[in-house]
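# Coordinate analysis (summary)
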Amino acid sequence: MSSFTRKSDFWAGLALAALGTYIVSKAAQWSYMAEDGPGAGFFPLWYGGAMVVISLLLVLGTVLKHDPAAKVKQLKWAEMRRAMTCWLALAVCVASLKYVGFVVAFGSLTWFIIAVMFRQPKVLALCFAIGGAVGFYAIFSWGLDLQLPAGLWLNK
């Protein structure tokens with residue numbers, strides 16, 4: 001058995017490519033465009049296609065990478081703590097959407113990840129938080145006419 005077939009990235013890439021192919025095949029059976037805009041098959045077709053391309057790049061990268069002396073890196077507790085902190089911040093953001101609204105929840109999550117997790121200047125994090133939250137709100141609320149959570153004090 002070749003050395004690349006023993007790597008988890010190779011098999012994960014093949015499994016994700018198969019899943020992406022399945023998604024594309026099912027999405028192709030649904031309408032791509034409807035009278036009001038994108039149909040039921042629009043988004044699954046695109047993310048299924050992206051999934052296939054990216055997972056095949058993962059497989060290709062695993063095959064082409066030659067590193068016979070590679071050692072399996074042990075997961076360090078500090079890295080695990082950082083990852084779990086990000087997941088916890090995302091869970092808090094989702095849980096708080098109903099109460100504080102999308103703009104505040106998403107802005108807070110963005111600020112936390114940039115300022116605390118990546119240790120970037122707080123003013124820079126604030127600029128990205130405000131810009132990202134307002135930008136996403138504009139795209140979804142005004143551009144796509146989708147209603148995002150407004151929070152308890154803004155609900156009518």
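Scope of this entry: the structure provided in the associated data block.

Quick notes on the rules
Residues numbered from 1 in each chain as written. Predicted model: local features only at pLDDT ≥ 70, side-chain atom pairs only at ≥ 80, totals over all residues. Heavy atoms only, no water. Helix = DSSP H or I, 4+ residues; strand = E, 2+ residues; numbered from the N terminus. Buried < 20%, exposed > 50% of the residue type's maximum accessible area, 1.4 Å probe, protein only. Contact = heavy atoms within 4.5 Å. Areas by Shrake-Rupley, 256 points an atom, 1.4 Å probe, with all protein chains shown as cover. 1 Å grid on protein atoms, 1.4 Å probe; cavity = no way out; pocket = protein on both sides within 12 Å on 5 of 7 lines; lining within 4 Å. Points joined across faces, edges and corners; volume = space filled by probe spheres on them. Nonpolar A, V, L, I, M, F, W, Y, C, P; charged D, E, K, R; others polar. Expected span 1.5 Å × (residues − 1). Axes fitted to C-alpha atoms, helices over the stretch in contact; angles between N-to-C directions. Parallel < 35°, antiparallel > 145°, perpendicular 65-115°, else oblique. Left-handed = near helix turned anticlockwise from the far one by under 90°.

### Considering the overall build of the protein
Secondary structure assignment for the protein yields five helices and two strands. In sequence order, the secondary structure elements of the protein are arranged as α-β-β-α-α-α-α. The buried share among the 156 residues of the protein stands at 22%. Within the protein, contacts between residues separated by at least 24 positions form 55% of all contacts whose residues are at least 6 apart in sequence. If you sum the accessible surface of the protein, you get close to 11700 Å²; carbon and sulfur atoms cover 71% of it.

### Notes on the side chain of T110
Counting through the fold element by element, T110 comes out in helix 4 (residues 102–117). Dropping the residues within four chain positions of it, T110 is found in contact with F128 and A129.

### Topic: the layout of surface pockets
One number sums up the size of the second largest pocket: a volume of about 180 Å³. Elements with a contribution of two residues or more to the lining of the second largest pocket: helix 1 (8–27) and helix 2 (42–64). The leading source of residues in the lining of the second largest pocket is helix 2, at three residues. A breakdown of the residues in the lining of the second largest pocket according to their chemical character gives one nonpolar, three polar and three charged.

### Digging into helix 2
Compared with the 33 Å implied by 1.5 Å per residue over 23 residues, the 33 Å span of helix 2 between its first and last C-alpha is a close match. Turning to helix 2, its buried residues are F42, P44, G48, V52, S55, V59 and T62. Along its buried surface, helix 2 packs onto helix 1, strand 1 (33–34) and strand 2 (37–38).

### Overview of the environment of A91
Assignment of secondary structure puts A91 in helix 3 (residues 77–100). Accessibility expressed as a relative area gives 42% for A91, which makes it partly exposed. Taking the C-alpha atoms as reference, A91 lies 9.8 Å from L109; in sequence the two are 18 residues apart.

### Description of unusual backbone geometry
The residue R119 is not glycine, and still its phi comes out positive at about 55 degrees. A positive phi angle is found at D145, which is not glycine, with a value near 55 degrees. For D145, the position within the fold is in the segment after helix 5 (122–143).

### Regarding the packing of helix 1 against helix 2
Packing of helix 1 against helix 2 leaves a shortest axis separation of 8 Å and a crossing angle of 160 degrees. By the criterion of interaxial angle, the relationship of helix 1 to helix 2 is roughly antiparallel. Relative to helix 2, helix 1 is oriented so that their crossing is left-handed. Counted by class, the contact of helix 1 with helix 2 contains 17 nonpolar, seven polar and one charged residues.

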